[in-house]
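Observations on chain architecture
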Amino acid sequence: MKERTIHFYEVVTVRNGEGQRMPEPMDWDAVLADLSQVPVSGRTFESDSQLVGTITTYHEQDHLLLHRVKDAGEWLSVMNWDTGSLRELEQNAHEGYLDTSVICFLPFGNVIGIMRGSQSAPSHRALEAWLNGISLFPGTQFEVRPVVAHAEVERLKTASGASRVEVKLMANKMGALRERKGGLARTFRVAGESYGEISVTVIISVPRGKELKEHREMLLADLDEISDVVTGAERARASLIYSDPTGPERTHLVELVEHSITAKRRVPATDQEGNSIRIVSAVDAILGAAAEHEDALRLAVDAGDA
């Protein structure tokens, strides 16, 4: 079963030549419901290729399928694996073969998740062209841009502790830790000295409890000591604790390295009876990945806590 990548993007409006975040999430549920009533011609846009949008409903929620219509001149064939017989596929005037991407609109921050069915299936740029091409909102220009998890090193200065830290450092970063004295730096340094040119991933979790408060403070201090190094790490994130004199402590996930938020999932194409389930499998995978990365996605688009 092939592993597919889910990419997350933010839909913004373009004003004065620049993409600007919308102050409130759009009612994408209503948009998709309206689109489902539009004839195919109204959901089709011709750019570098012909793009067609269709709506699929799964668990009483609408999702967008964006298709690239394969050119009539493309050579397409089907082979029977049992017999080895080959059959050419020919398009007629009333049919077309499609490359499909599955797109789910999340309920916050105008964030979408996209899974492409193939390398030639529509990308986020094709979605951008299609949204603008069908004049979904006349007079409004959209841009679809990757959701980037921003480095938030400054948040370390205002936190009271860290309950979890995950850092992956490549071998070329180990030298910068040579003079650092904290526990995190020492852990990386010992691993590098023991095994040579390696990458090292360290995950440290400190359970809740007043008796471990000092350990969470120490973990934060050790992370802060190497903050200039982890911003250049392969991966670095932390669950920071903030004390509130008027209420309970709160935890906030921070990304210490800038990167596009993505996820990889294995997506079954057929069920045990051989029926196609690739669309519903893709929707399940996208929504599952969105739930897993919700804190990071909200943080990246300033959508507040879940």
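Being a predicted model, the structure only gives us computed values, none of them experimental.

Our next topic: the layout of surface pockets. By volume, the largest pocket amounts to about 340 Å³. Contributing to the lining of the largest pocket are 17 residues, with Arg4, Thr100, Gly117, Arg278 and Ile279 lying nearest its centre. When residues of the lining of the largest pocket are traced back to their parent elements, those giving at least two are β8 (98-105), β9 (111-116) and α6 (278-292). Of the residues forming the lining of the largest pocket, the biggest block, 4 residues, is contributed by β8. For the lining of the largest pocket, the residue count by class is 9 nonpolar, 3 polar and 5 charged. As a volume, the second largest pocket reaches approximately 290 Å³. Along the walls of the second largest pocket sit 16 residues, with His252, Leu253, Asp295, Leu299 and Asp305 positioned nearest its centre. Only β14 (235-242), β15 (250-255) and α7 (294-300) provide two or more residues apiece to the lining of the second largest pocket.

What follows deals with the sheet that holds β14. The strand order β13-β12-β14-β15 describes an open sheet built from 4 strands, whose pairing is antiparallel. Each edge of the sheet is formed by a strand with only one pairing partner; in this case those strands are β13 (200-205) and β15. For this sheet, the mean angle separating the axes of adjacent strands, direction not counted, is 10 degrees. Here strand β12 (residues 161-169) runs beside β14; their pairing, made up of 7 bridges, is antiparallel. Pairing of Glu166 across the sheet is with Arg237, part of β14. In the packing of helix α4 (residues 213-225) onto the sheet, the strands contacted are β12, β13 and β14, and the crossing angle to β12 comes to about 35 degrees.

Attention now moves to the pairing of β14. Of all 8 residues that make up β14, 6 are buried, and the element is covered over most of its length. Relative to β15, β14 runs antiparallel, the two sharing 6 bridges. The partner of Ile241 across the bridge, within β15, is Thr251.

The next thing to look at is the nonpolar core. Ranked by size, the top nonpolar core spans 30 residues in total, and within it Val165, Val167, Leu169, Leu184, Phe188, Leu223 and Leu240 carry the most contacts. Mapped by element, the contributors of at least two residues to this core are β12, α3 (183-195), β13, α4, α5 (227-230) and β14. If near-sequence neighbours (up to four positions away) are discounted, Leu240 is found in contact with Arg155, Leu156, Ala159, Gly161, Ala162, Leu220, Arg250, Thr251, His252 and Val254. Residues Cys104, Leu106, Phe108 and Met115 belong to the second largest nonpolar core, which totals 25 residues.

Conventions we followed
- The numbers attached to residues start from 1 for each chain and follow its sequence in the written order.
- Where totals are concerned, whole chains, interfaces and linings use all residues; where local detail is concerned, this predicted model gives features only for residues with pLDDT of at least 70, and gives and counts side-chain atom pairs only at 80 or more.
- In computing side-chain properties, one takes all heavy atoms of the structure into account and sets aside hydrogens as well as water.
- Grid points spaced at 1 Å and placed over the protein atoms alone form the basis of the search, with a cavity being a set where a 1.4 Å probe fits but cannot get out and a pocket an open set showing protein on both sides within 12 Å along at least five of seven lines. Lining residues have an atom within 4 Å of a point.
- Grid points are joined across faces, edges and corners, and a volume is the space filled by probe spheres set on the points.
- Only DSSP runs of H or I covering at least 4 residues are called helices, and only runs of E covering at least 2 are called strands; the numbering of each starts at the N terminus.
- Ten residue types, Ala, Val, Leu, Ile, Met, Phe, Trp, Tyr, Cys and Pro, are classed as nonpolar, four, Asp, Glu, Lys and Arg, as charged, and the remainder, Gly among them, as polar.
- When DSSP locates at least two bridges between a pair of strands, those strands are taken to pair.
- Lines fitted to C-alpha atoms define the axes here, with helix axes fitted over just the stretch in contact, and angles between the N-to-C directions of these axes take values from 0 to 180 degrees.
- The contact rule is simple, with two residues in contact once any of their heavy atoms fall within 4.5 Å.
- Under the scheme applied here, a residue whose accessible area is under 20% of the maximum for its type counts as buried, over 50% as exposed, and between as partly exposed, the area being computed with a 1.4 Å probe on protein chains only.
- Put simply, a nonpolar core is a bunch of buried Ala, Val, Leu, Ile, Met, Phe, Trp, Tyr and Cys residues held in one set by side-chain atoms that sit within 4.5 Å of each other.

None of the figures reported here should be taken as evidence of function without further support.
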